[in-house]
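Residues per chain are reported as follows:
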Amino acid sequence: MKPKVFITRKIPEEALKKISRSCEVSIWDKEDVPVPREVLEREIVNADGLYSLLTDNIDDELMERAENLKVISNMAVGYNNIDLEAAAKRGIMVTNTPGVLTETTADLTFALILAAARRLFEASDFLRRGEWKTWSPMLLTGQDVYGATLGIIGMGRIGEAVARRAKGFNMKILYHNRKRRPEAEKELGAVYVDMETLLKESDFVCIMTPYTPETHGLIGEKELQLMKKTAILINTARGGIVNEDALYKALKNGDIYAAGLDVFENEPVPTDHPLLTLPNVVALPHIGSASRKTRITMANLAAENLLLALDGKVPPNLVPYQI
Ligand code: DGY
């Protein structure tokens, strides 16, 4: 009998075909509507495998209904949407898609650095509104990226890829991480500093750390106050790492210069969110890994993880969990 798999969204054709060859597939086949909770609750009951997205909340209560579930394959590098403890106590494997989105996400992070520093969206809107009357010495002046200091919070794969790009811009690289990264220090000239030094000395503070209970609200009022008035905060990790009320106040009061945000605590961010009223915020709809090639590769990798687990093998991207 073929294993039963539930896929929580329309996914690239190639990945769907791969899974369909050896599994009985049920799918929430919508592109832009997340699977409703009641559908997920119904489908999980008979599923041997779940192919999920970061928008699906896979909690203890849901897993309680899933008597046959062997694997949850998340099509994302992040897995904060999955209760790992609940999965571990039931022997359910959890997998993610690391590595394949590193460079694409680092590209987008750097795009945000440049856009926020050089006020690209403000400038473009200014032109389109017909307000461009003449070249003027101080018109739409921003901050330099070349030669500035970049502070990376969370020196994992993506942090390192951002640092490699920063080298090309002759930036000084500071980082803070749970563990020191001697290779990054040697190869990229990155300097390990404590959090306070990073916040005080960086022109760009880049959040690249996973979202966990420990990193929830990591950047709040106190941290924002430590930053330079000319500093720019970039977040392409998860919205909940930053306290958005505190960020709004800091940006509004000129305590920091600007922010480039690809992620928000609640997504999609409501269009009347205070942060979106500020000209010094560049806001994007969580598109860090959104190149066509990378998303197809992520979808295929998630399919491979799922199929290997269902075949009784240990998938390569098993998320580690220690009780
Ligand atoms: C992830 O994979 O966790 C990103 O947020 C989306 O690619």
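Rules of the game
- Residues numbered from 1 in each chain as written.
- Predicted model: local features only at pLDDT ≥ 70, side-chain atom pairs only at ≥ 80, totals over all residues.
- Heavy atoms only, no water.
- Pairing = 2+ DSSP bridges.
- Helix = DSSP H or I, 4+ residues; strand = E, 2+ residues; numbered from the N terminus.
- Axes fitted to C-alpha atoms, helices over the stretch in contact; angles between N-to-C directions.
- Contact = heavy atoms within 4.5 Å.
- 1 Å grid on protein atoms, 1.4 Å probe; cavity = no way out; pocket = protein on both sides within 12 Å on 5 of 7 lines; lining within 4 Å.
- Points joined across faces, edges and corners; volume = space filled by probe spheres on them.
- Nonpolar A, V, L, I, M, F, W, Y, C, P; charged D, E, K, R; others polar.
- Parallel < 35°, antiparallel > 145°, perpendicular 65-115°, else oblique.
- Left-handed = near helix turned anticlockwise from the far one by under 90°.
- Domains from an automatic or database assignment.
- Buried area = accessible area lost by both parts, 1.4 Å probe.
- Salt bridge = Lys/Arg side-chain N within 4 Å of Asp/Glu carboxyl O.
- Polar contact = N/O pair within 3.5 Å; in protein donor to acceptor, adjacent residues only side chain to side chain.
- Phe/Tyr/Trp six-rings, centres within 6.5 Å; stacked < 30°, edge-to-face > 60°.
- Buried < 20%, exposed > 50% of the residue type's maximum accessible area, 1.4 Å probe, protein only.
- Lys NZ or Arg CZ within 6 Å of the ring centre and 35° of its normal.

## Some remarks on the sheet that holds strand β1 (residues 4-7)
Read across the sheet, five strands follow the order β2-β1-β3-β4-β5 without closing on themselves; strand pairing throughout is parallel. One side of each edge strand has no neighbouring strand; the edge strands of this open sheet are β2 (24-27) and β5 (93-95). Going across the sheet, the axis of each strand differs from the next one's by a mean of 15 degrees, ignoring polarity. Relative to β2, β1 is paired through four bridges, and the arrangement is parallel. By the bridge assignment for β2, Phe 6 is matched with Ser 26. Packing against the sheet, helix α1 (residues 13-22) makes contact with β1, β2 and β3 (49-52), and its axis sits at approximately 140 degrees to β2. Helix α2 (residues 37-44) contacts β1, β2 and β3 of the sheet and is inclined by roughly 170 degrees relative to β1.

## Observations regarding the pairing of strand β7 (residues 172-176)
Note: strand β6 (residues 149-153) against β7, five bridges, orientation parallel. What sits directly across from Ile 152, in β7, is Tyr 175. Bridge analysis of β7 against strand β8 (residues 191-192) gives two bridges, and the strand direction is parallel. What sits directly across from Tyr 175, in β8, is Tyr 192.

## Observations concerning the layout of surface pockets
Empty space within the second largest pocket amounts to approximately 290 Å³. Around the second largest pocket sit 17 residues that line it, and Glu 122, Pro 279, Asn 280, Val 281 and Val 282 are the ones nearest its centre. Of all elements in the fold, only α5 (102-117), α6 (120-128) and β12 (281-283) reach the threshold of two or more residues within the lining of the second largest pocket. Looking at the lining of the second largest pocket residue by residue, the classes come out as 13 nonpolar, one polar and three charged.

## Looking at the packing of α5 against helix α7 (residues 157-168)
With their axes 8 Å apart at the nearest point, α5 and α7 run at an angle of 55 degrees to one another. When the axes of α5 and α7 are compared, the pair comes out oblique. α5 and α7 meet at a crossing whose hand is right-handed. Residues Thr 102, Glu 103, Thr 105, Ala 106, Asp 107, Thr 109 and Phe 110 of α5 touch α7, and the partners they reach there are Arg 157, Ile 158, Ala 161, Val 162, Arg 164, Arg 165 and Ala 166. Split into classes, the residues belonging to the contact of α5 with α7 amount to six nonpolar, three polar and five charged.

## Remarks on the packing of α1 against helix α12 (residues 292-310)
It is at 8 Å that the axes of α1 and α12 come closest, and there the two elements cross at 15 degrees. If you check the angle between α1 and α12, you find them roughly parallel. Considering only the axes of α1 and α12, their crossing is right-handed. Listed contacts from α12 to Glu 14, Ala 15, Lys 18, Ile 19 and Ser 22 of α1 are Ile 296, Ala 299, Asn 300, Ala 303, Glu 304, Leu 306 and Leu 307. Class assignment of the residues belonging to the contact of α1 with α12 gives a composition of seven nonpolar, two polar and three charged.

## Examining the domain arrangement of the protein
When its domains are assigned, the protein resolves into domain 1 (4-100 + 292-310) and domain 2 (102-283). Using only C-alpha atoms to locate each centre, domain 1 and domain 2 end up separated by 31 Å. In this assembly, seven residues from domain 1 lie in contact with five residues from domain 2. Counting each side, the surface lost to burial between domain 1 and domain 2 is near 560 Å², with a carbon and sulfur contribution of 44%. Area buried by domain 1 at its contact with domain 2 is led by Asn 80, Gly 99 and Thr 294, which between them contribute 60% of it. Counting the contacts that link domain 1 with domain 2 gives zero salt bridges. Put simply, domain 1 and domain 2 have three residue pairs in polar contact (both at pLDDT 80 or more) between them. By residue class, the composition of the side of domain 1 that touches domain 2 is three nonpolar, four polar and no charged.

## What to know about the packing of aromatic side chains
Geometry of an aromatic ring pair is reported as the spacing of the ring centres plus the angle between the planes. Under the defined criterion, the tally for this structure stands at two aromatic pairs. Their ring planes at 45 degrees and their centres at 4.9 Å tell us that Phe 110 and Phe 169 sit as a pair that is tilted. Of this pair, Phe 110 sits in helix α5 while Phe 169 sits in the loop between α7 and β7, and the two are 59 residues apart along the sequence. Assessed through its relative accessible area of 25%, Phe 169 is described here as partly exposed. Cation over ring: Lys 30 sits above Trp 28, and NZ or CZ is 4.6 Å from the ring centre.

## Focus on the pattern of salt bridges
Counted according to the given criterion, the structure contains 19 salt bridges. Residues Arg 181 and Glu 183 are paired through a salt bridge, measuring 3.0 Å at the closest nitrogen-oxygen approach. According to the relative accessible area criterion, Glu 183 is partly exposed, its value standing at 37%. Residue Lys 228 is joined to Asp 203 by a salt bridge in which the shortest nitrogen-to-oxygen separation is 2.9 Å. You can see Lys 228 sitting in the loop between α10 (221-226) and β10 (232-235) and its partner Asp 203 sitting in the loop between α9 (195-201) and β9 (204-207), a full 25 residues away along the chain. Taking the relative accessible area as the measure of exposure, Lys 228 reaches 29% and is therefore partly exposed. Overlapping salt bridges, with partners in common, bring together Asp 60, Glu 64, Lys 89 and Arg 90 in one network.

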